[in-house]
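Overview (structure and organization)
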Amino acid sequence: VMDSAAAIESSEDPRLLAGYPKITDSAPTSVKGLMRTNKSGTIYWAVTSVTDGSVKDADLIKPSNNPRILKSGNLKAAASNTDYNAAVSGLTAGGSYYFSAVLVDARDQHSAVKTVSFTTPDTSVPNFASGFPYMSKITNTAGEVTVMATKSCRLYYALLPKGATAPTANDFRTSNIPGNFGYGTREMTKNVSETFRVNQKSL
């Protein structure tokens, strides 16, 4: 027994509403997947690594069939236009993932799979990768350095005469580096090496 509004909703094709799923409450090892639907049914969701790609509806419904799925679950959506949260834990800090979801209604009709990408916060302390930095080219008038950082961050650098006092972190931030032969900043991407000339100012 249902009124006309409920009958219209029941006859609609299932779908996740526009803008959903969303990722909320993002932490280094956990997130929440927020979903809304146009009708009642069952929401199936899964998390995969970005490098492994997203998944199909059959994999969401039976995640054991796909070894690429890292986390999965399902939620009963009792009403339309209502928030449903999937709590996901056990992720890696600084990891890049896909969150995929599908709605299946009482008549076993499937919505289109919708996917959103997200990256968990990286709370590690930035550092140089092993073996970096090093002077990769030196001539009588120029010098190049190659660097690699262990996380995406901003790099500050300065070239000084031998025996000069090393700048402090505040010196770098305020560009107060007297007697330098070159200084500047660069935006670094995690685990990507970069080579640049150091005997010039570049801010």
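Summary of the structure given here. (Residues numbered from 1 in each chain as written. Predicted model: local features only at pLDDT ≥ 70, side-chain atom pairs only at ≥ 80, totals over all residues. Heavy atoms only, no water.)

**Section: the overall build of the protein chain**
Check the secondary structure of the protein chain and you find three helices and twelve strands. For the protein chain, the C-alpha radius of gyration of 26 Å lies well beyond 17 Å, the compact-globule estimate for 203 residues. Dimensions of the protein chain along its principal axes, counting C-alpha atoms only, are 85 × 35 × 25 Å. Here the protein chain holds 203 residues, and the buried ones make up 32% of them. Within the protein chain, counting contacts between residues at least 6 apart in sequence, those at least 24 apart form 62% of the total. (Helix = DSSP H or I, 4+ residues; strand = E, 2+ residues; numbered from the N terminus. Rg over C-alpha atoms; globule rule 2.2 N^0.38 Å. Buried < 20%, exposed > 50% of the residue type's maximum accessible area, 1.4 Å probe, protein only. Contact = heavy atoms within 4.5 Å.)

**Some words on the sheet that holds strand 9 (residues 143-147)**
The strand order 8-9-12 describes an open sheet built from three strands, whose pairing is antiparallel. The sheet is open, and its two edges are formed by strand 8 (134-138) and strand 12 (194-197), each paired on a single side. Across the sheet, the mean angle from the axis of one strand to that of its neighbour is 25°, orientation sign disregarded. (Pairing = 2+ DSSP bridges. Axes fitted to C-alpha atoms, helices over the stretch in contact; angles between N-to-C directions.)

**Points about the packing of aromatic side chains**
Tallied over the entire structure, the rule returns five aromatic pairs. Taken together, a centroid distance of 5.6 Å and an interplanar angle of 40° make the contact between phenylalanine 132 and tyrosine 134 tilted. With a centroid separation of 4.8 Å and an interplanar angle of 50°, the aromatic rings of tyrosine 157 and phenylalanine 196 are classed as tilted. Placement of the pair is tyrosine 157 in strand 10 (residues 153-159) and phenylalanine 196 in strand 12, with a sequence separation of 39 residues. The residues tyrosine 157 and phenylalanine 196 share a single accessibility class, namely buried. (Phe/Tyr/Trp six-rings, centres within 6.5 Å; stacked < 30°, edge-to-face > 60°.)

**Some details on the layout of surface pockets**
Reported here for the largest pocket is a volume of approximately 240 Å³. Taken together, 14 residues line the largest pocket, and the ones lying closest to its centre are Val145, Tyr157, Ala158, Leu159 and Val198. Here the element with the most residues in the lining of the largest pocket is strand 10; it accounts for four residues. Tallied by class, residues from the lining of the largest pocket come to 14 nonpolar, no polar and no charged. Taken as a whole, the second largest pocket holds about 160 Å³ of empty space. Along its surface, the second largest pocket is lined by Pro126, Asn127, Phe128, Ala149, Cys153, Arg154, Leu155, Tyr156 and Met188. The biggest single contributor to the lining of the second largest pocket is strand 10, with four residues. The class makeup of the residues in the lining of the second largest pocket is seven nonpolar, one polar and one charged. (1 Å grid on protein atoms, 1.4 Å probe; cavity = no way out; pocket = protein on both sides within 12 Å on 5 of 7 lines; lining within 4 Å. Points joined across faces, edges and corners; volume = space filled by probe spheres on them. Nonpolar A, V, L, I, M, F, W, Y, C, P; charged D, E, K, R; others polar.)

**A few points about the side chain of threonine 42**
Tracing the sequence through the fold places threonine 42 in strand 3 (residues 41-49). Apart from residues no more than four positions distant in its own chain, threonine 42 is found in contact with Asn74, Leu75, Lys76, Val102, Leu103 and Val104.

**Considering the pattern of salt bridges**
In this structure the tally under the stated criterion is five salt bridges. Its salt-bridge partner being arginine 36, residue aspartate 83 comes within 2.4 Å of it at the nearest N-O pair. In this pair, aspartate 83 is assigned in the loop between strand 4 (69-77) and strand 5 (84-88) and arginine 36 in the loop between strand 2 (31-35) and strand 3, connecting sequence segments 47 residues apart. The partly exposed category is assigned to aspartate 83, whose relative accessible area is 40%. Between glutamate 194 and arginine 186 there is a salt bridge whose closest N-O contact spans 3.1 Å. Accessibility expressed as a relative area gives 25% for arginine 186, which makes it partly exposed. (Salt bridge = Lys/Arg side-chain N within 4 Å of Asp/Glu carboxyl O.)

**Quick word on the side chain of serine 100**
Assignment of secondary structure puts serine 100 in strand 6 (residues 96-104). Separated by 2.9 Å, the side chains of serine 100 and threonine 115 make a polar contact. The contacts of serine 100, once residues within four sequence positions are left out, are Tyr44, Trp45, Ala46, Ser54, Val55, Leu60, Val113, Lys114 and Thr115. (Polar contact = N/O pair within 3.5 Å; in protein donor to acceptor, adjacent residues only side chain to side chain.)

**Section: the nonpolar core**
One finds Met35, Trp45, Val47 and Phe99 to be the most contacted residues of the largest nonpolar core, which totals 16 residues. Looking at this core, the elements that each hand over two or more residues are strand 2, strand 3, strand 5 and strand 6. With four residues, strand 6 is the largest single contributor of residues to this core. With near-sequence residues (within four places) excluded, valine 47 lies in contact with Arg68, Ile69, Leu70, Lys71, Val88, Leu91, Tyr97, Tyr98, Phe99 and Phe118. Counting residues in hydrophobic clusters, the runner-up holds eight residues, among them Val147, Leu155, Met188 and Val198. (Core = buried A, V, L, I, M, F, W, Y, C linked by side-chain atoms within 4.5 Å.)

Note that all results are geometric; they support no functional claim without further evidence.
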